[in-house]
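Coordinate inspection notes
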Amino acid sequence: MSYLPFGPIHPALKEPLRIKLKTEGERVVDAEVDLGFIYRGAEQIARGKPWQKVAYLTERICGICSDAHPHTFIEGLEAISDCVPPVRAQYSRVIMGELNRIHSHLIANAIWFLAVEHETLGIYNLNIREKVMDLLEMISGNRVLYSWNLVGGVRMDFKESHLKKILENLKEVESEVYRYRKMFKSDALLGLRSHDVGKMSKEDAIDVRAVGPVARGSGVKFDWRTKHPTYVDYFDFQPVWRDECDNYARVMMRFDEVLDSIKIIRRAVEELPDGPIRKECEIPRGSIDYRYEAPRGELAYIFETAQHGIINDITIRTPTIPNLEACVKHMFRDSPTIADAVAIYQTIDPCIACTERVVIVDEKGNENDFRGMQNVLKELKALKNKKK
Amino acid sequence: MIRDFIRRRSINLGLVMTGGCNGCDIEIVALLSQRYDLEQYGIFYHNNPRECDALLVTGTVAKQWQEKLVELYNKVPEPKAVVAIGACALSGGIFQQETGKVAAPVREIIPVDAEVPGCPPRPAEIAIAVLKHVPPALASYRRKS
Ligand code: SF4
């Protein structure tokens, strides 16, 4: 029995975190994850700021799902103020969200292929992703941070030429992704690194509350888009899922979702209605728990507003938190080699910049709870005092 | 002279993410793709600080990193160069606020040879900064006797 620490800076990791693998020879028997290297305190900065500032801040929590964060936050604000944006705005949100999902999934797969040293497919994936990045830049003006959503609508309108270019580029992306899918399916080497490696059964996935492509790769048929009003009203969305439960399923899931997203965008572009892109909304006092399917899975924004859209309190739960738990608790168990452990870690598409949410420092060693629970206790105490 | 020539022609890069949002990092990863193809210039991306010639530092230097970044810098073998990338590394960006937990800018913690502004900068800008400033910084190095 010996311990093998990775990170925080390591050739196999793109972001700083420390993984401690407990090994028996080459076999991994247990693992531990040490987080907290890039905590920036976004929630604390957000408190007491107007929503316009917080929207830019939420975008900078994660640069890969940089549409999903403001998307969730802004739709939460709209749900508080009972304001439904115009249909054209809803459609353009869908287009941006899905383009964002495509580029996120392609880079995730590229990094996985690079992690298993299949450089050809890795670089192919990165290269086709540039086509999607071009679209995002053409539409919003920036490659990574779009600032696309505003309360009551979106920031800019599509031009006719934009729509034509979207369809054109996506056609290319689609045919290429079909080709990579076939290459991945038929490659013997990749088969060895992916089939039956990093198994997680459906029960385990539900048990650790895995979300997103990781859960859907284990046969959990759930996607928050099935409950999203736009997708329900105009797209009759059906989630894709697989039941192999291993690395192969999770990588394949991402390819499948890219193809699915392309279909959704195509439909949105063809049916894009005319009309305004923004309307006025008044934001009242209120609180909400709003969820949306980010590229990596369920993203929850729980927040409280004061008058005129000032954010009083905010809690953000990102998808990598449960997925990392799933990875450590179930997938690493009995991984045959250490090299496979790296490959498994990359299939959950970890985003550490998202994950660094709470740091609890307690010098006295008192038992400490998350902020949410403390708030509840404080309120209960206040109620008791009032009664007296 | 031969030594300077070779140092200019083969550069290993190491990426250190010290906070920030990942946006700058994926733009660096995008440099590997065929469109930019960093390897055609003899630049190899290898994320190992003990083997690299130039460190790319992105992000806001979270408090946890403040001392570790100096340690990491000392572990990189001479001659070495540092490129700070993104608004976060240059000034702390959006996270530099009264309640923030960041120690940016990077230039106050370790010596920096080039800075690339932008949130995030385009991949081409990063490539230009690396190509323009890293080879001279490496070639002009003389061991102190
Ligand atoms: S500079 Fe901007 S894009 Fe780069 S890490 Fe900071 S917030 Fe993200």
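Everything in this summary refers to the structure shown in the same document.

**With respect to the sheet that holds strand β1 (residues 11-17) of chain B**
All names here are of chain B. Spatially, the 5 strands line up as an open sheet ordered β2-β1-β3-β4-β5, and their pairing is parallel. Because the sheet does not close on itself, it has two edges, and the strands there are β2 (43-45) and β5 (114-116). Across the sheet, the mean angle separating the axes of adjacent strands is 25 degrees when strand polarity is ignored. Note: β1 against strand β3 (residues 54-58), 5 bridges, orientation parallel. Pairing of Met 17 across the sheet is with Thr 58, part of β3. Each of β1, β2, β3 and β4 (81-85) is contacted by helix α2 (residues 23-30), which is oriented at about 140 degrees to β3, the strand it contacts most.

**Details of the interface of chain B and chain A**
On the chain A side, the residues contacting the 39 residues of chain B number 40 residues. For the chain B and chain A pair, buried surface summed over both sides reaches about 3500 Å², with 62% attributable to carbon and sulfur atoms. Linking chain B with chain A are 4 salt bridges, by the criterion used here. Between Arg122(B) and Glu137(A) there is a salt bridge whose closest N-O contact spans 2.2 Å. Those elements that place two or more of their residues in the side of chain B that touches chain A are β1, α2 and α3 (65-75) of chain B. The greatest single-element share of the side of chain B that touches chain A, amounting to 5 residues, is contributed by α2(B). In the side of chain B that touches chain A, the residues fall into 19 nonpolar, 15 polar and 5 charged.

**Looking at unusual backbone geometry**
Of the consecutive residues Glu78(B) and Pro79(B), the connecting peptide bond is found in the cis state with omega at -10 degrees. Each neighbour pair has its own omega, and for Cys119(B) with Pro120(B) the value is -10 degrees, a cis peptide bond. Within the secondary structure, Pro120(B) is located in the loop between β5 and α5 (123-139). Phi angles above zero are rare outside glycine, and Ser147(A) is one such case at about 50 degrees. Of note, Ser147(A) is situated in the loop between α5 (119-140) and β4 (149-150). Despite not being glycine, Asp196(A) has its phi angle at roughly 60 degrees, a positive value. Tracing the backbone shows Asp196(A) in the loop between α7 (188-194) and α8 (202-207).

**A short note on the side chain of Arg242(A)**
All names here are of chain A. With respect to the helices and strands, the residue Arg 242 is situated in the loop between α10 (229-234) and α11 (247-271). A relative accessible area of 16% places Arg 242 in the buried class. Non-local contacts of Arg 242, meaning those with residues more than four positions away in its chain, are made with Arg 216, Gly 217, Ser 218, Gly 219, Tyr 248, Ala 249, Met 252, Met 253 and Asp 256.

**A closer look at the sheet that holds strand β2 (residues 18-24) of chain A**
Paired through their backbone hydrogen bonds, the strands of a sheet run either parallel or antiparallel. Residues and elements named next belong to chain A. Ordered in space as β1-β2-β3, the 3 strands form an open sheet in which the pairing is antiparallel. Sheet topology places β1 (2-6) and β3 (27-34) at the edges, where each strand pairs with a single neighbour. Within this sheet the neighbouring strands show an average axis-to-axis angle of 25 degrees, counted without direction. Both β1 and β2 contribute to a ladder of 5 bridges, which runs antiparallel. Its bridge partner being in β2, Phe 6 is matched across the sheet by Ile 19. Strands β1, β2 and β3 of the sheet are contacted by helix α13 (residues 338-347), whose axis makes an angle of about 145 degrees with β2.

**Topic: the packing of aromatic side chains**
Inspection of the entire model under this criterion finds 15 aromatic pairs over all chains. Centre to centre, the rings of Tyr91(A) and Tyr234(A) are 5.4 Å apart; their planes meet at 55 degrees, and the pair counts as tilted. Note that Tyr91(A) is positioned in helix α4 (residues 87-115) and Tyr234(A) in helix α10, a separation of 143 residues in sequence. Ring plane angle 25 degrees and centroid distance 5.2 Å describe the contact between Phe184(A) and Tyr248(A), whose orientation is recorded as stacked. Of this pair, Phe184(A) sits in helix α6 (residues 160-186) while Tyr248(A) is found in helix α11, placing the two residues 64 residues apart along the sequence. Here Phe184(A) and Tyr248(A) have matching classes, each one buried. The rings of Tyr91(A), Tyr231(A), Tyr234(A), Phe235(A) and Phe237(A) are connected pair by pair, giving a single aromatic cluster. Against the face of Trp224(A) rests Lys227(A), its NZ or CZ located 5.7 Å from the ring centre. The cationic tip of Lys80(B) hangs over the ring face of Tyr73(B); the distance from NZ or CZ to the ring centre is 4.2 Å.

About the cut-offs
- Residues numbered from 1 in each chain as written.
- Chains lettered and ligands numbered in written order.
- Predicted model: local features only at pLDDT ≥ 70, side-chain atom pairs only at ≥ 80, totals over all residues.
- Heavy atoms only, no water.
- Pairing = 2+ DSSP bridges.
- Helix = DSSP H or I, 4+ residues; strand = E, 2+ residues; numbered from the N terminus.
- Axes fitted to C-alpha atoms, helices over the stretch in contact; angles between N-to-C directions.
- Contact = heavy atoms within 4.5 Å.
- Buried area = accessible area lost by both parts, 1.4 Å probe.
- Salt bridge = Lys/Arg side-chain N within 4 Å of Asp/Glu carboxyl O.
- Nonpolar A, V, L, I, M, F, W, Y, C, P; charged D, E, K, R; others polar.
- Buried < 20%, exposed > 50% of the residue type's maximum accessible area, 1.4 Å probe, protein only.
- Phe/Tyr/Trp six-rings, centres within 6.5 Å; stacked < 30°, edge-to-face > 60°.
- Lys NZ or Arg CZ within 6 Å of the ring centre and 35° of its normal.

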